[in-house]
Amino acid sequence: MELEGHLAVVTLERPERRNALSLDLMVELSGRLDEIASNGDVRAVILQAAGKVFSSGHDLGEMTGREIEDYRQIFDVCTELMTKIQSIPQPVIAQVQGMATAAGCQLVATCDLAVASSEATFATPGVRIGLFCTTPMVALTRAIGRKRAMEMLLTGRAIDAATAADWGLVNRVVPPAGLASETRKLASQIAEASSFTVALGKQAYYKQIDLDQAGAYAYAKDVMSRNALAEDAQEGISAFLGKRAACWKGK
């Protein structure tokens, strides 16, 4: 993990294993996210990967000859990791340079935003080896919808980056040479806003997304009312009316 101003850049560093999400890697990544969550200077997170593959998913070397409690531990830790990505205050942006499959595809779908290289591909191929991508299905379905997710899950076929953008799995696709700069541009735009407001908005987004419309509005209007009382909201409104730059206090 490296800090670049208000940005935290976290890199998956198992290129020799196609950045497979081993139990140890998931635990370490979760720990890094805890560090970031408690760092008030960090306003956005970039999750990138070393090598040609973003992530090939779970480490299959850990998926044979085990007891059911071992498998439950792996999927418990994975679920906790995915939940943490969406629960930390800072938005997390996946910077996808190559293939993202199975739990690696889940990781992309879970991140708040994603920028992909035109060379990136995405797949949930577990059905082909007898292990359906059931946990990746949760994030994938919520990102791209039922029919498209079901097609990926049942066929295991990969989609290219342009299709991933069209389906809503990633936000944008750029040439490989511009991937890092475009991701940092997006992260920097987010970092310009009040960290308090962004954190509040991120939390509210995930809270309301699974509510029915009436429940979502009831929740959202309460959050927005409380947001209006915040120092940063009053400062931002005053700055806009006064045609000056806002000075955020993070509260």
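Shown above is the structure to which this text applies.
Everything quoted here is computed from the prediction, not taken from an experiment.

**Re the layout of surface pockets**
Roughly 830 Å³ of internal volume is contained in the largest pocket. Around the largest pocket, the lining is made up of 29 residues, and of these Gln86, Ala109, Thr110, Arg142 and Tyr206 lie nearest the centre. Looking at the lining of the largest pocket, the elements with two or more residues in it are α2 (68-87), α3 (103-110), β7 (113-117), α4 (134-144) and α8 (195-208). Here the residues of the lining of the largest pocket are counted per class, giving 16 nonpolar, nine polar and four charged. Lining the second largest pocket we find 22 residues, and of these His58, Leu60, Ala102, Ile129 and Leu131 sit closest to its centre. Here the lining of the second largest pocket gets three residues from one element, more than from any other, and that element is α4. Looking at the lining of the second largest pocket, its residues break down into twelve nonpolar, seven polar and three charged.

**A look at the pairing of strand β5 (residues 92-96)**
If a strand is regular, its side chains alternate between the two faces of the sheet. Burial within β5 is extensive, with five of its five residues counted as buried. Here β5 shows two buried faces, one formed by Val92, Ala94 and Val96 and the other by Ile93 and Gln95. Looking at chain direction, strand β3 (residues 44-49) and β5 are connected through three bridges and run parallel. Residue pairing across strands places Val45 opposite Val92, the latter belonging to β5. Bridge count between β5 and β7: four bridges; the pairing is parallel. Considered in β7, the bridge of Gln95 is made with Val115.

**Structural notes on helix α7 (residues 179-191)**
Count 3.6 residues to each turn of an α-helix, and residues three or four apart come out pointing the same way. In this model α7 runs 18 Å from its N-terminal to its C-terminal C-alpha over 13 residues, within 8% of the 18 Å that 1.5 Å per residue would give. Along α7, the positions that sit buried rather than exposed are Leu179, Thr183, Arg184, Leu186, Ala187, Ile190 and Ala191. In a view along the axis of α7, the buried residues occupy a sector of 160°, so they form one face of it.

**Regarding the packing of helix α1 (residues 23-37) against α2**
At a closest axis distance of 10 Å, the pairing of α1 and α2 adopts a crossing angle of 25°. Here α1 lies roughly parallel to α2, going by the angle between them. Handedness of the crossing formed by α1 with α2: left-handed. For the pair α1 and α2, the contacting residues are Leu23, Met26, Val27, Leu29, Ser30, Leu33 and Asp34 in the first and Gln73, Ile74, Val77, Cys78, Leu81, Lys84 and Ile85 in the second. Each residue belonging to the contact of α1 with α2 can be placed in one class, and the counts come to ten nonpolar, two polar and two charged.

The rules behind these values
Residues numbered from 1 in each chain as written. Predicted model: local features only at pLDDT ≥ 70, side-chain atom pairs only at ≥ 80, totals over all residues. Heavy atoms only, no water. 1 Å grid on protein atoms, 1.4 Å probe; cavity = no way out; pocket = protein on both sides within 12 Å on 5 of 7 lines; lining within 4 Å. Points joined across faces, edges and corners; volume = space filled by probe spheres on them. Helix = DSSP H or I, 4+ residues; strand = E, 2+ residues; numbered from the N terminus. Nonpolar A, V, L, I, M, F, W, Y, C, P; charged D, E, K, R; others polar. Buried < 20%, exposed > 50% of the residue type's maximum accessible area, 1.4 Å probe, protein only. Pairing = 2+ DSSP bridges. Expected span 1.5 Å × (residues − 1). Arc of directions from axis to C-beta. Axes fitted to C-alpha atoms, helices over the stretch in contact; angles between N-to-C directions. Parallel < 35°, antiparallel > 145°, perpendicular 65-115°, else oblique. Left-handed = near helix turned anticlockwise from the far one by under 90°. Contact = heavy atoms within 4.5 Å.

Such coordinate-based values are descriptive only and should not be taken to indicate function.
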